[in-house]
Amino acid sequence: MEEITYKEFRKFLDSDVDEAEYFGCNKDNLITMREYLLSLKERFEMCESELASDKQRIKDKYKKITKWQYDYHRGNLLFTIDKTLFYLKKDENTGIYKANIAGGSDLALFYKLKKYYAKTLKLGKRFPNELENIKKYGKMYFDKDNEIESASSIFSLTDVYYDSIINCNGGMFFRVYKDTLIPGESTNSAFADFHYNTDNVSVADKQKLLTKIMVPR
């Protein structure tokens, strides 16, 4: 991993050349980060279309559940109820998925949802085939490296299904939403020279950056 100051980052962003040319990297077999994100979006939309009917059948019964996805770290299924993250883990003895709250979620909100959460305990018995399909296509989506490093090694991407995280200097910089390819407004400070205000990195700046970062095809 290489590092860059905010001052140098701004010079690069305001330049008329891409990352490979600016930092003197080999340009062979590279595409822009935006082109790479577009390929992830197409992959995402394929998986979502295959799962639309399965998710809708569950949604008809559990209307508050949103954002089904596969947890590629642990092999569980994840879903959200009112911004609280839950996971479904398959019981090795029964083969039935059981729900529980995911680590790091808002416990106070969880207790507010406790009654509704109790209903989800039967979800694994009611929809075993649908849940297997969500896992199947989730695994298929992540059947690739979900991290990729840029030509200069200053930037990288971590893909987390519904959005992708653009990293700089080894730390999270900003998110890009998978369905729109629009970067989020929030920006994390990824630079050592803190006297530069990273709030000045606008959404338009981030969109431009995505056309300048170069990654392997």
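This text goes with the structure placed above it.
Residues numbered from 1 in each chain as written. Predicted model: local features only at pLDDT ≥ 70, side-chain atom pairs only at ≥ 80, totals over all residues. Heavy atoms only, no water.

Asks: What is the right way to read the overall build of the protein from this model?
Replies: When helices and strands are tallied, the protein shows eight helices and 10 strands. The buried share of the protein, reckoned over its 217 residues, is 48%. Contacts spanning at least 24 positions in sequence make up 56% of the contacts within the protein whose residues lie at least 6 apart. Only carbon and sulfur atoms are counted for the fraction: they give 47% of the accessible area of the protein, which is about 11900 Å². (Helix = DSSP H or I, 4+ residues; strand = E, 2+ residues; numbered from the N terminus. Buried < 20%, exposed > 50% of the residue type's maximum accessible area, 1.4 Å probe, protein only. Contact = heavy atoms within 4.5 Å. Areas by Shrake-Rupley, 256 points an atom, 1.4 Å probe, with all protein chains shown as cover.)

Asks: How should I be thinking about the pairing of strand β8 (residues 163–168) in this particular structure?
Replies: Residues in a regular strand project their side chains so that they alternate between the two faces of the sheet. When you tally the buried positions in β8, you get six out of six residues, the bulk of the element. Burial along β8 is two-sided: the face carrying Asp163, Ile165 and Asn167 and the face carrying Ser164, Ile166 and Cys168 are both buried. Summarising the sheet, strand β7 (residues 155–159) and β8 pair through five bridges and their orientation is antiparallel. Along β8, the bridge assignment pairs Phe155 with Cys168. Adjacent in sequence and paired antiparallel, β7 and β8 are bridged by three residues, among which Tyr161 carries a positive phi angle near 80°. Note that β8 and strand β9 (residues 171–177) share six bridges and pair antiparallel. (Pairing = 2+ DSSP bridges.)

Asks: Would you explain the nonpolar core in this entry?
Replies: Counting 52 residues, the largest nonpolar core has Phe9, Trp68, Leu88, Leu123, Leu131, Phe173 and Leu209 as its most contacted members. Here this core gets eight residues from one element, more than from any other, and that element is helix α3 (residues 33–61). Setting aside residues no more than four positions away along its own chain, Trp68 makes contact with Lys55, Ile58, Leu77, Leu78, Phe79, Leu88, Leu123, Leu131, Ile134, Tyr161 and Tyr162. (Core = buried A, V, L, I, M, F, W, Y, C linked by side-chain atoms within 4.5 Å.)

Asks: Please explain helix α1 (residues 6–14) as it appears in this structure.
Replies: The α-helix advances 3.6 residues per turn, and as a result positions three or four apart in sequence lie on the same side. Taken together, the buried positions of α1 are Tyr6, Phe9, Arg10, Phe12 and Leu13. Projected onto a plane normal to the axis of α1, the buried residues spread over an arc of 160° and lie on a single side. Elements in contact with the buried residues of α1: α2 (19–23), β7, β9 and α8 (203–212). (Arc of directions from axis to C-beta.)

Asks: What exactly am I supposed to notice about the packing of α1 against α8 here?
Replies: Helices that pack against each other are described as a pair by the angle of their axes relative to one another and the distance between those axes. Interaxial distance between α1 and α8 falls to 10 Å at its minimum, and their mutual angle equals 75°. With respect to α8, the axis of α1 lies roughly perpendicular. Where α1 abuts α8, its residues Phe9, Arg10, Phe12, Leu13 and Asp14 lie against Asp205, Lys208, Leu209 and Lys212. Tallied by class, residues from the contact of α1 with α8 come to four nonpolar, no polar and five charged. (Axes fitted to C-alpha atoms, helices over the stretch in contact; angles between N-to-C directions. Parallel < 35°, antiparallel > 145°, perpendicular 65-115°, else oblique. Nonpolar A, V, L, I, M, F, W, Y, C, P; charged D, E, K, R; others polar.)

Asks: Help me understand α3, please; the structure alone is not making it clear to me.
Replies: In a regular helix each residue adds 1.5 Å, so 29 residues correspond to 42 Å; α3 covers 39 Å between its end C-alpha atoms and thus fits that length. Considering bend angle alone, the principal kink of α3 is centred on Leu51 and spans about 50°. (Expected span 1.5 Å × (residues − 1). Bend = angle between axes of the 7 residues up to and from the residue.)

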